[in-house]
Amino acid sequence: MNDPGYSSKPSITQFLQQRKYELLLFALVQHLFIGIFLQNLPLYTKVIWPINMLILGTASVGVFIEKGKWKNALRNLLFILVLGFPITLPFAAHVPNFMLALNVSYVVFYVFIFWEIMKFLIRPSYINVDVISASACGYFLLIEMSVFLLQIYVYANPNSFKGLNTTDPASIYMDLVYFCSITLTSIGFGDISPNTHQTKLITALFGITGQFYAVVLVGIIISKFSSVTEK
């Protein structure tokens, strides 16, 4: 006999946990590449960016379910920061060190998620949709971290890159998404290039990191396939 208080439908928390990597992957892709469908860049800065971060923050909840109170508390604090910064950007963009604080917060937020992703990829000895989705999330998180780390240098020195459109925050962000994507994938068209020794060295480090992640990821996936075959 069914309990009248019991529902067979999964709760929102269960859904976020079961589909955590697929949801996070979707959120990362739409955050990085939503500019493909936009013509009005000021609209992106004022409206789309906060919405994107709300989606991304919600999608990251599942990764930290059952991870302990302090991790969830830290994730919530970082989420409030990365959501609050774009909301207050139109009013506080000219406040000293505002963009520095924004970019540092975003880097920490993405590093925090990336660390949990890598812990998951290394641990299990099986291959499934979660592993594939988490692997893709790791790559896009590398791009996110690279973008916001480079933005620290761009806002400190607008001449840090040649060919970068620095007319507004949305243009800077989308140009750096493009630049970091082609750097981590070793495509490198050369239309945007680092212009100071700091950005040259960081770009080189990002390129090495992207290749290292790809090599390590292939090794992890092969080991999981081997474990499944042996069993």
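Since this is a predicted model, take the numbers as computed values, not measurements. Every residue gets a number counted from 1 within its own chain, in the order that chain's sequence is written. Where local features are concerned, this predicted model is filtered to residues with pLDDT of at least 70; where side-chain atom pairs are given and counted, the filter is 80 or more; whole-chain, interface and lining totals use all residues. The side-chain values count all of the structure's non-hydrogen atoms but skip hydrogen atoms and water molecules.

## As for the overall build of the protein chain
For the protein chain, the helix and strand inventory stands at nine helices and two strands. In DSSP terms, a helix is any run of H or I states spanning at least four residues, a strand is any run of E spanning at least two, and both are numbered starting from the N terminus. Listed N to C, the secondary structure of the protein chain is α-α-α-α-α-α-α-β-α-β-α in terms of helices and strands. Atoms considered for the radius of gyration are the C-alpha atoms alone. The globule rule reads 2.2 Å times the number of residues to the power 0.38. Against the 2.2 N^0.38 benchmark of 17 Å for 231 residues, the protein chain shows a C-alpha radius of gyration of 19 Å, consistent with a compact globule. Based on the C-alpha atoms only, the size of the protein chain along its principal axes is roughly 70 × 45 × 35 Å. A simple rule labels every residue: compare its accessible area, found with a 1.4 Å probe on the protein chains alone, to the largest value its type can have, and call it buried under 20%, exposed over 50%, or partly exposed in between. Looking at the protein chain as a whole, 45% of its 231 residues are labelled buried. Contacts spanning at least 24 positions in sequence make up 72% of the contacts within the protein chain whose residues lie at least 6 apart. Where the 14 positive side-chain charges of the protein chain centre and where its 10 negative ones centre are 5 Å apart. Contacts are assigned to residue pairs with any non-hydrogen atoms lying within 4.5 Å of each other. Charge assignment: positive for Lys and Arg, negative for Asp and Glu; neither His nor the chain ends contribute. Positions of charges follow a simple convention, taking NZ of Lys, CZ of Arg, CG of Asp or CD of Glu.

## A word on the packing of aromatic side chains
Paired rings are identified among Phe, Tyr and Trp, the last through its six-membered ring, by centres lying within 6.5 Å, and are further divided according to the angle between planes into stacked (under 30 degrees), edge-to-face (over 60) and tilted (the rest). Across all of its chains, the model carries 16 aromatic pairs by this definition. Arranged with centres 6.0 Å apart and planes meeting at 50°, the rings of W49 and Y106 form a pair that is tilted. A residue pair is termed long-range when its members are at least 10 positions apart, and W49 in helix α3 (residues 41-59) and Y106 in helix α6 (residues 98-122) qualify at 57 residues. Each member of the pair, W49 as well as Y106, is classed as buried. The interplanar angle of 15° and the centroid separation of 4.9 Å between the aromatic rings of F64 and F112 together place this pair among those described as stacked. Here F64 is found in helix α4 (residues 61-64), whereas its partner F112 is found in helix α6, with 48 residues between them in sequence. Accessibility classification places F64 together with F112 in one group, the buried group.

## What about the confidence of the model for the protein chain?
For every residue, the predictor reports its confidence as pLDDT, a number between 0 and 100. Averaged over all residues, the pLDDT of the protein chain is 88; the fraction at 70 or higher stands at 92%. Mean pLDDT values over the elements of the protein chain span from 83, in helix α1 (residues 12-18), up to 96, in strand β1 (residues 161-162). Here residues 5-9 scores under 50 on pLDDT; set against residues more than four positions off or in separate chains, the count is one contact.

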